[in-house]
Amino acid sequence: MVTAEYVSQLSAAGSRYAGRTEARTETARKLDSRGVLHTDEPSRVTRRLERLGADWSLAAAMERTPPLASTGAGLDGAVAPEHFGAGMLGLERLMGRNDLIDVGFLEAGWLASRSVGRVVVRGRGAHYGTGFLVSPSLLLTNNHVLRDQEEAARGVVEFNFQTGADGTAPDPVAFCLEPSRFFATDRDLDYTVVAVAARSTEGKPLAAFGMLPLDEAQGKAILGEMVNIVQHPNGEPKQLALRENRVMDLLETFVHYETDTAPGSSGSPVFNDQWEVVALHHSAVPLTDGDGHYLALDGTRWTPETGEQNLAWKANEGVRASRVVRALRDLPLTGAPDALRAELLEAATTRHPAGAPFPAGPPFPSASTPAWTPAETETAAETAGGAGTPGPVPSGTPGAATGWTVPLRLDLTVVPGTAPAVAPAAAGAPPVPGPEHPRTARAAGRAPTAAGLGAALVDLEAGASRPYYDRAADEIARETYYAAVRESMPGASPAELRSLLAELLESSHLRRPAYQPMRLVYPWVDLHPDRRLRSLYSGKSFDPVEFIRADAAAEAARAARWQEFLLRESAPGPGALAAESAALEAALPYNCEHVVPQSWFERREPMRGDLHHLFACETGCNSFRGNFPYTDFPDFGEALRHDCGRREQERGFEPSAGKGAAARATLYFLLRYPGRVGDAARELTPGRLELLLAWHEADPAGEWELHRNAAIAEIQGNRNPLIDHPGWARAVDYSAAWA
C-alpha cells in the first residue's frame, strides 16, 4: 500500500535532489579527475581513514604505487600477505583500486543482516516495510511504515524471512511490536523507533538476532564511497544490494546515493563496507516527465495505485544515522522509555555489527539448519533475562573473552624490534582511542592501541620499497605550488610576501590530521636516507620500530593512568581534565619533539599535529629541552650540558644537532600561525629571529628535509617555503608573526 505520507516523502526527496544538481555534478567531476580521497571535505576523509585504521601517509603510499592489472590492488610486494588484513583491503576498496572483497566481508554482512526484519502491519491498510534492531529492545524503521502507536500495535517484525543456502525458506520468527513500552517518531526525519517483545510468538529470544548500533560519530562514509543495503523489497524475502550504490551527496540531514540497479526499500539500513549503519533508507528519488509527473517503469504516469515497486526512480535518499541519534537524544523522556533510549545510545559504544551473538553451527542457515538450537535458545533467554542483553558465547566461537568476532578477520603481525624505551602498561590496561576506531578494532579482536601499533608497523613496511625522494617529481610539485606567489612577487614588499606565503600555507593546508607521531612521523615522514630515525637534538640513530613500540607503550600507560584519574575524581572540571592530560604527557612523553613547544599554543590543533614542526626525538632530549626557547651560548659559561645540547634557565636551549631543521620548522610556524607565540617571556620573541635565520643559513636543508617536505605535502597539502626557497627567509617581514 502506498500511503499519502510516502507520496509526500517522494515529493520532498525529489525537491532536495533537484536542488543539489550542481553539487553532484562537481562531485562526479572530482571523482573522475582526483579520486575518492580528494572529493569530500579533507576533515571528513581524515575521519573516514581513521575508522578504517588507515592514515594519509598509507593512503599516499598506495596512491603512488601502480595498481596491479588483475585486481587493482596497490603496494604490490611492499607489504607481506599476512599483514594485508581487512583494514588495508577496506582502504583499497574505498579508493576504488580493488574490486575484491575479503571473506570476512561476507560473514560480517550475514551477521548484520540477521538484525534486519520484515515489518508487517495487519488489519486496516495492511502493508509491509523493513526495519532493524538498533538496541537489545528497539527497532528502527520509517515514519511512513509505522505512522503512529495504533498502527505499530497492529504490527509485527519477522526475522529470518529469507531463502536459505539450500534454496528453501526457514520459518520466519515473528515478534510483536510494543509501542506502549517505547514509541518515538518524526515525520520530517521519517523515522520511527518502537519497542519489540523480548520473545517471539513461539517463545524464541529477540537477543538471538543481535543489533545494529547507531553511531553518532562522523566518518562512516564519504562522497564517492559504495554502500550496501539489506532489505525486504515489497515484503519479499530478505535481499542484499552489495556495493551497488555510490554516495553522491551528503546533506545536513540526508544522504543521496545513486545506482543503476534496484532502489532500496522503506526502513532498510544503509551500510558502509565495515557494516556500520550509515543511513536509514526512506525514499526513492522519482523519475519525472517534462511536466513533473512521476513515471512508472513502463514509461506511463505513475499513481499510488500502481504500487511502490513500479515507480521509476533515479536515485535513493536516506536519513543520516547520526541525525536520527541526535533527534532521539533530544527527546524529553523519563522513566522506562528514557532507560530504553539510554540502552540504545550505549549500544553504539559497546557493540559492532560483527559483534552480535553468533550462533554455533553452519554460518548460513537453511530450512534444515536453523539459526540456533533449542538449547542455545533457552540459554540465551536465561542470560538475557527478558531484557535482550547479549547471551553467553557458544563454545568454539572465536573471541569468547571479549565478545563475538568475525572468525576470518586477520590481525596484523607485529615485526620484532628493539625493546621500547617506555615500560608497557600493566596487564589488563584499558584500550584507548587510537588511529583505528575503537569499535572497529574491538570487532576484529584487537585493542585500539594494539591496532594502532600494528597499523604503524604496516605503514613502515609499506614505505620500505618506496623511492626515498623523487627529486624530479618534487621539483615539478614545487613549481606548481608557488606559481601564484611568484606571479605576485615582483614589486611586493617584505610584509606583502609574508602575507602571500601565510595565505598559501593556510589555504593549501587541506588535511589536518591530529597528533599521531607513531602513525605519521616515524614510519615515513622523518626517515633519513638510510631508513632510520635521527633524534633531532642529539643526532643519535634509532630503528623506527623502537620509537613506534615505545610510543604505543606510552599510550597504553597513559590510558591506564587516565582511567585511574577518572575513578578517583568523580566529576572533574575542564581545568582538572586539561591539567591531568598535560601531566600525563609530561610523565609519559612520546619520542617526538614539537620545535614550537605545545605550551606556547595551548596544545591546540591543528598546530599540535602539524607535521612540519614534529621531529623524532628521544624522550630524554624532549624533556631536557622542555619549553625553553632556542639560544646560542658562547664557548664559555656555566650552562648545563647534555648529549642533547645546553640549557640555562635565564637564556634558553641550544641543541647539539638539528639547528637548521629546527630553525626552518620554527620559521614555517611563524608564517603559518601568526600571532600564536611571543606573548610570554619564556616564549620565542622577535629578538631571537636573527638566531633562527643564522642557523638556517649555516645548516642548509639536505635530502632528509627535502624528503620530509615532499612527504608532508602528500599528507597535509602544504609545504615549508624555507626548505623550497631558502633565499626567501630574509626577504620576509616577520613583524606581524608574533603575538
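Rules behind the numbers
- Residues numbered from 1 in each chain as written.
- Predicted model: local features only at pLDDT ≥ 70, side-chain atom pairs only at ≥ 80, totals over all residues.
- Heavy atoms only, no water.
- Core = buried A, V, L, I, M, F, W, Y, C linked by side-chain atoms within 4.5 Å.
- Buried < 20%, exposed > 50% of the residue type's maximum accessible area, 1.4 Å probe, protein only.
- Helix = DSSP H or I, 4+ residues; strand = E, 2+ residues; numbered from the N terminus.
- Salt bridge = Lys/Arg side-chain N within 4 Å of Asp/Glu carboxyl O.
- Pairing = 2+ DSSP bridges.
- pLDDT = per-residue confidence, 0-100.
- Contact = heavy atoms within 4.5 Å.
- Disulfide = S-S within 2.5 Å.
- Phe/Tyr/Trp six-rings, centres within 6.5 Å; stacked < 30°, edge-to-face > 60°.
- Expected span 1.5 Å × (residues − 1).
- Arc of directions from axis to C-beta.
- Axes fitted to C-alpha atoms, helices over the stretch in contact; angles between N-to-C directions.

The next subject is the nonpolar core. Core analysis: the biggest nonpolar cluster contains 96 residues, and Leu37, Leu49, Tyr522, Tyr537, Val595, Tyr630 and Tyr734 have the highest contact counts within it. Per-element tally for this core: the top contributor is helix α20 (residues 659-672), with nine residues. If you look at the next biggest cluster of nonpolar residues, it comprises 30 residues, including Val134, Tyr191, Phe271 and Leu344.

With that settled, the discussion passes to the pattern of salt bridges. Counted by the stated rule, this structure contains 42 salt bridges. Across the pair aspartate 474 and arginine 719 runs a salt bridge whose closest N-O atoms are separated by 2.9 Å. Of the two residues, aspartate 474 is situated in helix α13 (residues 471-481) and arginine 719 in the loop between α22 (703-716) and α23 (721-724); the sequence distance between them amounts to 245 residues. The closest approach of N and O atoms between arginine 604 and glutamate 602, which form a salt bridge, is 3.0 Å. When its relative accessible area of 45% is taken as the criterion, arginine 604 is described as partly exposed. If you follow the salt bridges from partner to partner, you end up with Asp474, Arg478, Arg719 and Asp724 in one network.

Pairing of strand β8 (residues 226-231) with strand β9 (residues 239-250) involves five bridges; the strand directions are antiparallel. Its bridge partner being in β9, isoleucine 229 is matched across the sheet by alanine 241. Across four bridges, the pairing between β9 and strand β10 (residues 254-258) is antiparallel. Across the sheet, the residue bridging to aspartate 249 is histidine 256, located in β10. With antiparallel pairing between neighbouring strands as the criterion, β9 and β10 make up a hairpin whose turn holds three residues.

Predicted coordinates in regions of low pLDDT should not be interpreted in detail. Mean pLDDT over the protein chain stands at 82; residues scoring 70 or higher make up 81%. Contacts from residues 351-446, a stretch scored under 50 in pLDDT, to residues over four places away or in other chains number 213 contacts.

As used in these notes, a disulfide is a covalent bond between sulfur atoms, one from each of two cysteines. The tally for this structure, following the rule as stated, stands at one disulfide. In this model cysteine 621 forms its disulfide with cysteine 644; the gap between the sulfur atoms is 1.7 Å. On the S-S bond that ties cysteine 621 to cysteine 644, the torsion sits near -80°, and the link is left-handed. Taken together, the residues span a long stretch of sequence, with cysteine 621 in helix α19 (residues 619-625) and cysteine 644 in the loop between β18 (640-642) and β19 (645-648) at a distance of 23 residues. Taking relative accessible area as the criterion, cysteine 621 reaches 1% and is therefore assigned buried. For cysteine 592, which is in no disulfide, the shortest distance to another cysteine sulfur is to cysteine 617 and amounts to 8.3 Å. By relative accessible area, which is 3% here, cysteine 592 ends up buried. Not engaged in a disulfide, the cysteine cysteine 617 finds its nearest cysteine sulfur in cysteine 621; these two sulfurs lie 4.9 Å apart.

Moving on to the packing of aromatic side chains. Under the criterion given, the structure shown has 21 aromatic pairs. With a centroid separation of 4.8 Å and 20° between ring planes, the pair formed by phenylalanine 159 and phenylalanine 209 is classed as stacked. Residue phenylalanine 159 is found in strand β4 (residues 155-159), and its partner phenylalanine 209 is found in the loop between β7 (191-195) and β8; the two are separated by 50 residues along the sequence. Using a relative accessible area of 0% as the deciding quantity, one classes phenylalanine 159 as buried. Relative accessible area serves as the criterion here: at 3%, phenylalanine 209 is assigned to the buried category. Centre to centre, the rings of tyrosine 522 and phenylalanine 547 are 5.6 Å apart; their planes meet at 70°, and the pair counts as edge-to-face. Taken together, the positions of tyrosine 522 in helix α16 (residues 517-525) and phenylalanine 547 in helix α17 (residues 544-568) put the pair 25 residues apart, joining distant regions of the chain. Just as tyrosine 522 is buried, phenylalanine 547 falls in that class too.

A few words now on unusual backbone geometry. Going from glutamate 605 to proline 606, the amide bond is cis rather than trans, its omega being 5°. Take proline 606: it is sitting in the loop between β16 (592-594) and β17 (614-616). Even without a glycine there, the phi angle at asparagine 234 is positive, about 55°. Tracing the chain through its elements places asparagine 234 in the loop between β8 and β9. Although it is not a glycine, arginine 531 adopts a positive phi angle of roughly 65°. Within the secondary structure layout, arginine 531 lies in the loop between α16 and β14 (533-534). Overall, the relative accessible area of 25% leaves arginine 531 in the partly exposed class.

End to end, helix α2 (residues 21-33) covers 18 Å across 13 residues, agreeing with the expected 18 Å (1.5 Å per residue, within 8%). Buried within α2 are the following residues: Arg24, Thr27 and Leu31. The buried residues of α2 occupy an angular sector of 55° when the element is viewed end-on, so they sit on one face. Among the exposed residues of α2, those oriented more than 90 degrees off its buried face are Glu22, Thr25 and Asp32. Close packing links the buried residues of α2 with α1 (4-18), β9 and β10. In the stretch just after α2, glycine 35 is the one whose phi turns positive, near 95°.

Our next topic: the sheet that holds strand β2 (residues 127-133). Taken in spatial order, the seven strands line up as β5-β4-β1-β2-β3-β7-β6 in an open sheet, and their pairing is antiparallel. Taken across any chain shown, the strands that pair with only one partner, and hence form the sheet edges, are β5 (173-176) and β6 (183-186). Strand-to-strand twist across the sheet, computed as the mean angle between neighbouring axes with direction ignored, equals 30°. In this sheet, β4 lies alongside strand β1 (residues 116-121) in antiparallel orientation, the contact comprising four bridges. Bridged to valine 121 within β4 is glycine 155. The strands touched by helix α8 (residues 321-329) are β3 (138-141), β6 and β7; relative to β7, the strand with the most contacts, the crossing angle is about 60°.

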